[in-house]
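# Per-entry structural report
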Amino acid sequence: MVAETEITVQVFETLDTVDKVLKNKGFKVRDRFELHDNYFTTLENVDGLDFQTLIANSVLVRRLVREDKTEKHILTYKAKEFNSNGIVISENKINVLVDDATKTAQILRLAGLKNWVNVDNYSIVYKRGDDELCFQDVKGVGLLVEVEENASMASLSPNEKIAALKAQIVATGFKLGSDFSCKKAMMAYINESERGKTL
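Let us look at the structure shown here. Predicted model only: the values in this text are computed from it and were never measured.

Another point: the side chain of Ser181. Along the chain, Ser181 falls in the loop between α4 (158–170) and α5 (184–198). Of the polar contacts made by the side chain of Ser181, one reaches the backbone nitrogen of Val88; its length is 3.4 Å. What Ser181 contacts, discounting residues up to four positions off in sequence, is Thr8, Ile87 and Val88.

Below, the structure is given as structure tokens:
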């Protein structure tokens, strides 16, 4: 496993605005895809748990759907490293290709794991030189942008990488949230729980 640093922040713009602004700044669309993630945990009750505990005891079943409708099915474990403020500073992923995401999820349920949240998003990746920005329209959450370290950052410390990644996003000029360590799964879980209370 190789540790990577990434940041994710909310974007208070439409995808149309993002597309126009980035293309005017010389970015090109590199990829478009959908992600359908089902998170499972070994824990009995997830209510009130902090993200660090929950993600450390979870796996996800991912269905990636490309623009040409081809699909890839992946079982993933994310080992996140947090700083003293609870901010993710790096992440190791273990990915295993599986033949069928639905059957894999069924196996996990039968083995007693709990499906605590499902996260669906439509993603567009923009690239200009080494800079790559992945905008994710996440169902029930809104628009986020995720940026991962690139090869030019290899010699930087995790904190220096985070600062460089923040600078990339801020340079776009978009209206952004204040949390550059957004956790899509937790945001979707909280929003889903809040909607459930109002029904």
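Adjacent strands of a sheet pair through backbone hydrogen bonds, lying either parallel or antiparallel. Taken in spatial order, the eight strands of this open sheet run β1-β8-β7-β6-β2-β3-β4-β5, and their pairing is antiparallel. Both edges of this open sheet fall to β1 (6–10) and β5 (88–98), since each of them pairs with a single strand only. Across the sheet, the mean angle from the axis of one strand to that of its neighbour is 30°, orientation sign disregarded. Relative to strand β6 (residues 114–128), strand β2 (residues 28–41) is paired through 13 bridges, and the arrangement is antiparallel. What sits directly across from Thr41, in β6, is Lys114. Strand contacts of α4: β1, β5, β7 (131–138) and β8 (142–148), with the helix running at about 40° to β1, the strand carrying the most contacts.

With that out of the way, let us pick up the packing of aromatic side chains. Taken as a whole and assessed by the stated rule, the structure comprises five aromatic pairs. Grouping aromatic residues by their ring pairs yields a cluster made of Tyr39, Trp116 and Tyr189.

Applying the stated criterion to the full structure yields twelve salt bridges. Of the charged contacts in the structure, one is a salt bridge between Arg62 and Asp37, with a shortest N-O distance of 2.7 Å. Here the residue Arg62 occupies a position in strand β3 (residues 58–66), and Asp37 occupies one in strand β2, the gap between them amounting to 25 residues. Judged on exposure class, the residue Arg62 and its partner Asp37 are both buried. Where Glu146 meets Lys184, a salt bridge forms, and the shortest distance between an N and an O atom there is 3.0 Å. With a gap of 38 residues between them, Glu146 in strand β8 and Lys184 in helix α5 connect regions that are remote in the sequence. This pair shows no difference in class: Glu146 is buried, exactly as Lys184 is.

Let us look at helix α1 (residues 15–24). Listed in full, the buried residues belonging to α1 are Val18, Asp19 and Leu22. Within α1, the buried residues cover an arc of 100° as seen down the axis, which keeps them to one side. Exposed and facing more than 90 degrees away from the buried side of α1 are Asp16, Lys20 and Asn24. Of the surrounding elements, those touching the buried residues of α1 are β2, β6, β7 and β8. Note on α1: the residue one or two positions beyond its end, Gly26, has a positive phi of about 95°.

Thresholds applied
Residues numbered from 1 in each chain as written. Predicted model: local features only at pLDDT ≥ 70, side-chain atom pairs only at ≥ 80, totals over all residues. Heavy atoms only, no water. Helix = DSSP H or I, 4+ residues; strand = E, 2+ residues; numbered from the N terminus. Polar contact = N/O pair within 3.5 Å; in protein donor to acceptor, adjacent residues only side chain to side chain. Contact = heavy atoms within 4.5 Å. Pairing = 2+ DSSP bridges. Axes fitted to C-alpha atoms, helices over the stretch in contact; angles between N-to-C directions. Phe/Tyr/Trp six-rings, centres within 6.5 Å; stacked < 30°, edge-to-face > 60°. Salt bridge = Lys/Arg side-chain N within 4 Å of Asp/Glu carboxyl O. Buried < 20%, exposed > 50% of the residue type's maximum accessible area, 1.4 Å probe, protein only. Arc of directions from axis to C-beta.

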